[in-house]
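# Close look at the chain arrangement
Here is what each chain is made of, one letter per residue.
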Amino acid sequence: MLRNLAVKELHWPEDITIKILRGQEMAPYLEIAAQWRIQEFKGFPYLYEGSLEYEAMYMHECEKNPEAILIVGERNDEILGFTTGIPIGTMSDHLQSLRDKLPNAHEYYYLAECIFSPTVRGRGFAQKGIKLFEGVVKELGYKKICFLTVIRDENHPLRPKRYFDKDPIWKRWNYQKTDLILEFPWPTIQADGSVIDFLNPMRFWEKDIRSDTETSQKVLDAAA
Ligand SMILES: CC(C)(COP(=O)(O)OP(=O)(O)OC[C@H]1O[C@@H](n2cnc3c(N)ncnc32)[C@H](O)[C@@H]1OP(=O)(O)O)[C@@H](O)C(=O)NCCC(=O)NCCS
């Protein structure tokens with residue numbers, strides 16, 4: 001497994017700097033990443049009433065795991081977006097139920113989130129960010145990337161009229177929607193506004209990245 005990534009801090013057009021951070025290097029960004037998650041995932045379909053206290057376990061997992069990564073895009077002092085992830089096999093308690101379901105859990109790298117600032121959405125940053133993430137994960141020696149999406153009823157009362165369904169994007173990017181569904185508890189906003197600790201069904205998605213020829217450097221070169 002390639003332990004030392006060639007790429008760490010690079011420059012994209014429009015004065016954008018991309019940093020690829022691992023383990024303890026992530027520390028300065030973990031709290032802000034948690035704040036973004038709390039803010040974004042309050043909405044449908046996550047309906048997550050998060051808190052920094054609740055996020056602490058994931059932040060701690062990342063900081064102590066040298067193969068956890070955080071990719072952040074910044075312009076001057078403004079954060080434009082980021083992606084974090086962690087290998088499934090080396091996590092402690094978090095996602096234990098998922099690990100138990102995967103016969104080769106050590107081959108999987110978990111994509112925890114990809115969030116971009118509303119000011120830069122729709123400009124292809126997520127597409128480039130995910131490709132970069134895939135390149136980095138491949139360079140770390142993992143075979144597959146996985147993530148979980150929340151399953152909600154089509155007629156859920158909190159579903160916005162113009163809901164942006166991301167399933168088609170993941171499919172276009174060659175992620176496979178599997179039949180594996182697991183339940184995870186989190187403080188969940190209900191239709192009446194109350195918050196209860198609720199078991200939320202989540203679907204497992206995966207992509208085999210072995211045949212990908214993109215490297216993180218190629219992705220960055222193509223954007224430059
Ligand atoms: C999802 C998200 C990361 C997309 O970021 P982005 O930089 O705007 O995405 P891109 O411009 O790279 O577009 C990615 C794809 O989504 C499509 N897309 C973007 N915004 C869309 C919208 N509002 N409605 C429908 N499709 C949209 C684009 O057409 C593109 O499709 P393609 O690659 O097949 O051409 C961003 O909207 C976001 O941060 N949302 C909140 C957090 C979230 O839900 N993250 C995903 C789960 S962790």
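Relevant structure appears above.
Reference entry: report on the structure contained in this document. (Residues numbered from 1 in each chain as written. Predicted model: local features only at pLDDT ≥ 70, side-chain atom pairs only at ≥ 80, totals over all residues.)

Scanning the protein chain from terminus to terminus reveals 6 helices and 8 strands. Going from the N terminus to the C terminus, the protein chain shows its helices and strands as β-β-α-α-β-β-α-β-α-β-α-β-β-α. In terms of overall dimensions, the protein chain is globule-like: its C-alpha atoms have a radius of gyration of 17 Å, near the 17 Å expected for 224 residues. Across its three principal axes, the protein chain shows a C-alpha extent of roughly 50 × 40 × 35 Å. The buried share of the protein chain, reckoned over its 224 residues, is 26%. Of the contacts formed within the protein chain by residues at least 6 apart in sequence, a portion of 69% connects residues at least 24 apart. (Helix = DSSP H or I, 4+ residues; strand = E, 2+ residues; numbered from the N terminus. Rg over C-alpha atoms; globule rule 2.2 N^0.38 Å. Buried ≥ 20, exposed ≤ 12 C-beta atoms within 10 Å, placed from the backbone. Contact = placed C-beta atoms within 7 Å.)

Between helix α1 (residues 27-40) and helix α2 (residues 52-64), whose axes approach to 10 Å, the crossing angle comes to 140 degrees. Overall, the two elements α1 and α2 adopt an arrangement that is oblique. Between α1 and α2 lies a crossing of right-handed hand. Counted together, Ala 27, Leu 30, Glu 31, Ala 34, Arg 37 and Ile 38 of α1 and Leu 52, Glu 55, Met 59, Cys 62 and Glu 63 of α2 form the full contact between these two elements. Class assignment for the residues of the contact of α1 with α2 results in 7 nonpolar, no polar and 4 charged. (Axes fitted to C-alpha atoms, helices over the stretch in contact; angles between N-to-C directions. Parallel < 35°, antiparallel > 145°, perpendicular 65-115°, else oblique. Left-handed = near helix turned anticlockwise from the far one by under 90°. Nonpolar A, V, L, I, M, F, W, Y, C, P; charged D, E, K, R; others polar.)

In the neighbourhood of the ligand, 16 residues make up the surrounding shell, with Glu 113, Arg 121, Phe 125, Ala 126 and Gln 127 lying closest. Elements with a minimum of two residues in the shell around the ligand: β5 (108-116), α4 (125-139) and α5 (167-172). The greatest single-element share of the shell around the ligand, amounting to 4 residues, is contributed by β5. (Near = placed C-beta within 6 Å.)

Where a strand is regular, its side chains alternate between the two sheet faces. Of all 9 residues in β5, 7 are buried; the element is thus mostly enclosed. With 7 bridges connecting them, strand β4 (residues 78-87) and β5 associate as antiparallel partners. The residue bridging Ile 86 from the neighbouring strand is Tyr 110, located in β5. Note that β5 and strand β6 (residues 144-150) share 3 bridges and pair parallel. Note that in β6 the partner of Tyr 110 across the bridge is Cys 146. (Pairing = 2+ DSSP bridges.)

A cis amide bond links Phe 44 with the next residue in sequence, Pro 45, at an omega value of 10 degrees. Structurally, Pro 45 is set in the loop between α1 and α2. Notably, Asn 174 is not glycine yet its phi reads approximately 65 degrees, a positive angle. Along the chain, the position of Asn 174 falls in the loop between α5 and β7 (176-189). Residue classification places Asn 174 among the exposed residues on the basis of 12 C-beta atoms within 10 Å.

Below, the discussion takes up the environment of Ala 33. Relative to the elements of secondary structure, Ala 33 occurs in helix α1. In this structure, the C-alpha to C-alpha distance between Ala 33 and Gly 81, residues 48 residues apart in sequence, is 9.0 Å. Those residues in contact with Ala 33 that sit more than four places away from it in its chain are Leu 70, Phe 82 and Thr 84.

Here we take up α2. End to end, α2 covers 18 Å across 13 residues, agreeing with the expected 18 Å (1.5 Å per residue, within 8%). Along α2, the helix axis deviates most sharply at Tyr 58, where the bend reaches about 30 degrees. (Expected span 1.5 Å × (residues − 1). Bend = angle between axes of the 7 residues up to and from the residue.)

A word on the environment of Ile 32. With respect to the helices, strands and loops of the structure, Ile 32 is situated in helix α1. Judged by local crowding, Ile 32 falls into the exposed class, with 12 C-beta atoms found within 10 Å. C-alpha of Ile 32 to C-alpha of Leu 52: the two residues are 20 residues apart in sequence and 9.7 Å apart in space.

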